[in-house]
Amino acid sequence: MDKMETLQTWGRALLDFVYPPHCAICEADIEAAELLCKSCWAEIGSHRSHPQTEGGSHAFEKVVALGPFTGALQQAIYALKFRNQVRLGRALGERMGQCLAEQLAPLDCLLPVPLHPARLRERGFNQSAEIAAGLGAVLGVPVCHRLVRRRRNTRQQALLSAAERRANLRGAFALMAAPPASTRIGIVDDVWTTGETMTACAQAVGGDRLWAVVLARSGAGDLLT
Ligand SMILES: [Zn+2]
């Protein structure tokens, strides 16, 4: 453990003492390392026998989600993205890996949807990369961060019409290095809504062995970017 880590661990212990940790969703008291309470974790994992898997869109062989974008899973994703609960991203990725290990076994590597560097600086982290890190650790699958980069800083998708969204995403991603032809890649994001952002990323990668792997699948029309 280096000095910085020691300091962080010490700092966290002090914070836990002053502000006892509570579930990021329902505020129940918890052990610090758990982030969410047992019942919220149970609800998030409750779709494991019926994952939201279906035949893909034109860009994907399959779209796999841990569950629908409702309830505790939706609240957890809001906490991750809008309340900066970074550690929750990795924990949710780990949970998805545990719940869907069998379904996700065919994947050779994971590609988190990249954020534009300006957006990354603004937010401080890429939620997709956090999810992919947790998922990759549990599945024993590498995360290929440098396969694709975000060329343009696209505007908030939710505020645009369908035609505007497509125009906005055109050429937004650029392939940095072509993966071997037989590689089955799971493109990772937090929520599948219209799938347009993930599809644009998939089109930059190319090939016919791409899966969309998301925490939650939302009905079209829900507003979240
Ligand atoms: Zn809870």
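Rules used in this analysis
Residues numbered from 1 in each chain as written. Predicted model: local features only at pLDDT ≥ 70, side-chain atom pairs only at ≥ 80, totals over all residues. Helix = DSSP H or I, 4+ residues; strand = E, 2+ residues; numbered from the N terminus. Buried ≥ 20, exposed ≤ 12 C-beta atoms within 10 Å, placed from the backbone. Contact = placed C-beta atoms within 7 Å. Core = buried A, V, L, I, M, F, W, Y, C linked by C-beta atoms within 7 Å. Pairing = 2+ DSSP bridges. Right-handed = clockwise from strand over helix to strand, strands pointing away. Axes fitted to C-alpha atoms, helices over the stretch in contact; angles between N-to-C directions. Parallel < 35°, antiparallel > 145°, perpendicular 65-115°, else oblique. Left-handed = near helix turned anticlockwise from the far one by under 90°. Nonpolar A, V, L, I, M, F, W, Y, C, P; charged D, E, K, R; others polar.

*Asks:* Please set out the overall build of the protein residue by residue, giving values where relevant.
*Replies:* Per the secondary structure count, the protein includes nine helices and seven strands. Across the 225 residues that make up the protein, the buried fraction comes to 41%. In the protein, of all internal contacts separated by at least 6 residues, the share reaching a separation of at least 24 is 71%.

*Asks:* Account for the nonpolar core, naming residues and giving values.
*Replies:* Counting 61 residues, the largest nonpolar core has Ala76, Ile187, Cys201 and Leu215 as its most contacted members. Looking at this core, the element that brings in the most residues is strand 7 (residues 210–217), giving seven residues.

*Asks:* Let's hear about the pairing of strand 6 (residues 185–192): which residues, and what values?
*Replies:* Taking burial as the measure, the eight residues of strand 6 include eight buried ones, the bulk of the element. Relative to strand 6, strand 3 (residues 109–112) is paired through four bridges, and the arrangement is parallel. Bridging across to strand 6, Cys109 finds its partner in Ile185. Regarding topology, helix 9 (residues 196–205) serves as the crossover connection from strand 6 to the parallel strand 7, and that connection is right-handed.

*Asks:* Which residues make up the environment of Val214, and what values do they have?
*Replies:* Inspection of the secondary structure assignment puts Val214 in strand 7. The class of Val214 is buried, set by 29 C-beta atoms lying within 10 Å. With 121 residues separating them along the chain, Val214 and Gly93 place their C-alpha atoms 9.2 Å apart.

*Asks:* Any details on the packing of helix 4 (residues 86–99) against helix 7 (residues 127–139)? Residues and values, ideally.
*Replies:* Orientation of helix 4 relative to helix 7, taken along the N-to-C sense of each, is 40°, at an axis distance of 7 Å. The angle between helix 4 and helix 7 falls in the class oblique. In the packing of helix 4 onto helix 7, the handedness of the crossing is right-handed. Between helix 4 and helix 7, the contacting residues are Val86, Gly89, Arg90, Ala91, Leu92, Gly93, Glu94, Met96, Gly97 and Gln98 on the first element and Gln127, Glu130, Ile131, Ala132, Ala133, Gly134, Leu135, Ala137, Val138 and Leu139 on the second. Per-class residue counts for the contact of helix 4 with helix 7 are eleven nonpolar, six polar and three charged.

*Asks:* Residue-level account of unusual backbone geometry, with values.
*Replies:* The phi dihedral of Glu27 is positive, around 70°, even though this residue is not glycine. Relative to the helices and strands, Glu27 resides in the loop between helix 1 (3–18) and helix 2 (38–44). Using a count of 9 C-beta atoms within 10 Å as the deciding quantity, one classes Glu27 as exposed. Positive phi, normally seen in glycine, also occurs at Asn84, with a value near 55°. By the secondary structure assignment, Asn84 is in the loop between helix 3 (71–82) and helix 4.

*Asks:* I'd like a description of the packing of helix 3 against helix 4, backed by residues and values.
*Replies:* The N-to-C vectors of helix 3 and helix 4 enclose an angle of 140°; their axes lie 7 Å apart at closest approach. Relative to helix 4, helix 3 is oriented oblique. Between helix 3 and helix 4 the crossing geometry is left-handed. Between helix 3, through Ala76, Ala79 and Leu80, and helix 4, the contact on the second element is made entirely by Leu88, Gly89 and Leu92. Taken together, the residues of the contact of helix 3 with helix 4 sort by class into five nonpolar, one polar and no charged.

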